[in-house]
Amino acid sequence: MRPIQNSAALFRCPLCRSPLTAGETSLRCEKGHDFAISKKGYADFCPAAKAGAYDDALFDSRSRFIAGGFYTELIETMKALLDRYAPAGPILDAGCGEGSFLKAVCPDPTARPCIGLDLSRPGIQRAARGGGGWLWAVGDLSRLPLKDNGVTAVMNILSPANYPEFSRVLAPGGVTLKAVPGESYLREVRALAKDRLRRETYSNERVVQLFGDRFCMLEAREICSTYPLTSAQAADLVAMTPLTQGIEKEQLDLAALDTVTIHLHILAGVPR
Ligand SMILES: [Zn+2]
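Predicted model only: the values in this text are computed from it and were never measured.

S.K.: Break down the sheet that holds strand β2 (residues 26–29) for me, citing the residues and quoting the values.
M.R.: In a beta sheet, neighbouring strands are held together by backbone hydrogen bonds and run either parallel or antiparallel to one another. Pairing in this open sheet of 3 strands is antiparallel, and the strands run β1-β2-β3 from one edge to the other. Edge positions in the open sheet fall to β1 (20–22) and β3 (34–36), since each of these has one partner strand only. Taken pair by pair, the neighbouring strands of this sheet meet at an average axis angle of 25 degrees, ignoring direction. Strand direction decides the pairing type here: β2 and β3, joined by 3 bridges, are antiparallel. Note that in β3 the partner of R28 across the bridge is D34.

S.K.: Which residues make up the pairing of strand β6 (residues 114–118), and what values go with them?
M.R.: By the criterion of burial, β6 is predominantly enclosed, with 5 of the 5 residues buried. Side chains C114, G116 and D118 of β6 all project onto a buried face; the interleaved residues I115 and L117 project onto the opposite face, where all are buried too. Two elements, strand β5 (residues 91–94) and β6, share 4 bridges in a ladder whose sense is parallel. Considered in β6, the bridge of D93 is made with G116. For the segment spanning β5, helix α4 (residues 100–105) and β6, crossover handedness is right-handed. Taken together, the 4 bridges between β6 and strand β7 (residues 135–138) define a ladder with parallel strand orientation. Residue pairing in the sheet places I115 in a bridge with L135 of β7.

S.K.: Run through the pairing of strand β9 (residues 170–181), naming residues and quoting values.
M.R.: Counting buried positions along β9 yields 10 of 12 residues, so the element is predominantly enclosed. The sheet contact formed by strand β8 (residues 151–157) and β9 spans 6 bridges and is parallel. Across the sheet, A153 pairs through a bridge with V175, a residue of β9. Note on the crossover from β8 through helix α6 (residues 163–169) to β9: the handedness is right-handed. By the bridge criterion, 6 bridges tie β9 to strand β11 (residues 259–271) in an arrangement that is antiparallel. For K178, the partnering residue across the bridge sits in β11 and is L267.

S.K.: Can you lay out the coordination of the zinc ion for me, pointing to particular residues and giving the numbers?
M.R.: The protein atoms that coordinate the zinc ion are C13 (SG), C16 (SG), C29 (SG) and H33 (ND1), at distances of 2.1 to 2.3 Å. Coordination at the zinc ion is tetrahedral: its 4 donor atoms span angles of 103 to 119 degrees at the metal. Here the donor residues of the zinc ion are spaced in sequence according to C-x2-C-x12-C-x3-H. On the criterion of sequence distance, the pair formed by C16 in the loop between α1 (3–6) and β1 and H33 in the loop between β2 and β3 is long-range, its members being 17 residues apart. Residue classification places H33 among the partly exposed positions, given a relative accessible area of 25%.

S.K.: Let's hear about the state of the cysteines: which residues, and what values?
M.R.: A full pass over the atoms with the stated rule returns 0 disulfides. C106 takes part in no disulfide bond, and the closest cysteine sulfur to it belongs to C114, at a distance of 4.0 Å.

S.K.: Describe the nonpolar core, listing the residues and the values that go with them.
M.R.: Within the largest apolar cluster, 53 residues are counted, with the highest numbers of intra-cluster contacts made by Y71, L74, M78, W136 and L237. Counting 31 residues, the second largest nonpolar core, distinct from the first, contains L10, C16, L92 and L141.

S.K.: Talk me through the pattern of salt bridges; I want residue IDs and the actual numbers.
M.R.: It is possible for side chains bearing opposite charge to pair when their charged atoms get close. For the structure on display, the rule yields 12 salt bridges. For E219, the salt bridge identified is with R84, shortest N-O distance 3.2 Å. Taken together, the residues span a long stretch of sequence, with E219 in strand β10 (residues 215–228) and R84 in helix α3 (residues 72–85) at a distance of 135 residues. Classification of E219 by relative accessible area gives buried; the value is 15%. On the basis of relative accessible area, R84 is assigned to the exposed category, the value being 55%. Close ionic contact of R221 with E219 constitutes a salt bridge, the shortest N to O distance being 2.6 Å.

S.K.: So, the packing of aromatic side chains: which residues are in play, and what are the values?
M.R.: Inspection of the entire model under this criterion finds 11 aromatic pairs. Plain terms: the ring middles of F65 and F70 are 4.3 Å apart, the flat faces sit at 15 degrees to each other, and that makes the pair stacked. Using a relative accessible area of 1% as the deciding quantity, one classes F65 as buried. With 5.7 Å between their ring centres and 80 degrees between their planes, F70 and Y227 make a pair best called edge-to-face. Placement of F70 in the loop between α2 (56–67) and α3 and of Y227 in strand β10 is noted, with a sequence separation of 157 residues between them. In this structure an aromatic cluster arises from ring pairing among F65, F70, Y71, F101 and Y227.

What counts and how
Residues numbered from 1 in each chain as written. Predicted model: local features only at pLDDT ≥ 70, side-chain atom pairs only at ≥ 80, totals over all residues. Heavy atoms only, no water. Pairing = 2+ DSSP bridges. Helix = DSSP H or I, 4+ residues; strand = E, 2+ residues; numbered from the N terminus. Axes fitted to C-alpha atoms, helices over the stretch in contact; angles between N-to-C directions. Buried < 20%, exposed > 50% of the residue type's maximum accessible area, 1.4 Å probe, protein only. Right-handed = clockwise from strand over helix to strand, strands pointing away. Donors = N, O, S within 2.8 Å, 3.2 Å for Na, K, Ca; no water. Tetrahedral: all angles 85-135°; square planar, octahedral: opposite > 155°, others 65-115°. Disulfide = S-S within 2.5 Å. Core = buried A, V, L, I, M, F, W, Y, C linked by side-chain atoms within 4.5 Å. Salt bridge = Lys/Arg side-chain N within 4 Å of Asp/Glu carboxyl O. Phe/Tyr/Trp six-rings, centres within 6.5 Å; stacked < 30°, edge-to-face > 60°.

Keep in mind that these numbers describe shape and distance, not what the molecule does.
See below:
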């Protein structure tokens, strides 16, 4: 049995909400909805999900860039907040992409069940590469394939959220940890592409307010550091960030991109 089959009790059918039982190659509900478990070990709760804008090359860039250490402060902050507010019990990384953050924040998935979910199949395929005990699933944030009150923490890093679903899957007292960009996040990329961006400046005011509407804020932390970039890292950064999507990368003067600012707010809250 693969880890995800052994953890079938954490999940539920995203179509009819029934419990799931593990079969040889799938998770299945009593109504006959059947969700394949790939040979790589991830469950596919959204077989109709299209490839979309996020392809293999993007996730390669993203995982290389994150491995460069630019998000170490974020990862350490997430670890500290988990220690403080949800030291045990299952954790969901909602919008985990290729899984770099979940693997870094929870390097030992035998310590607690660690579920990474994303609508991007290439992302989840990459996350599942190399095995390990993490539980990877292709799934829709608006219809989480998880049972009610089953996780003690939802992590949501630089990714869209679905707060009603987060609240549903959280156990009483469970915490949502959301990382949102600060106004200086990737400011060097914004400056480089400013003629081609719809908005040169960014404000997270609305995002933070929406979080506060849904969650009682336990704590908000802010991190902001500027790092030197190699030319390879600059190329990965431009390839991975949604900021420069739709912009011909050849038109950007990558040689001018020799630093990057990682400015993030990390919000911890319990559902209201
Ligand atoms: Zn079903």
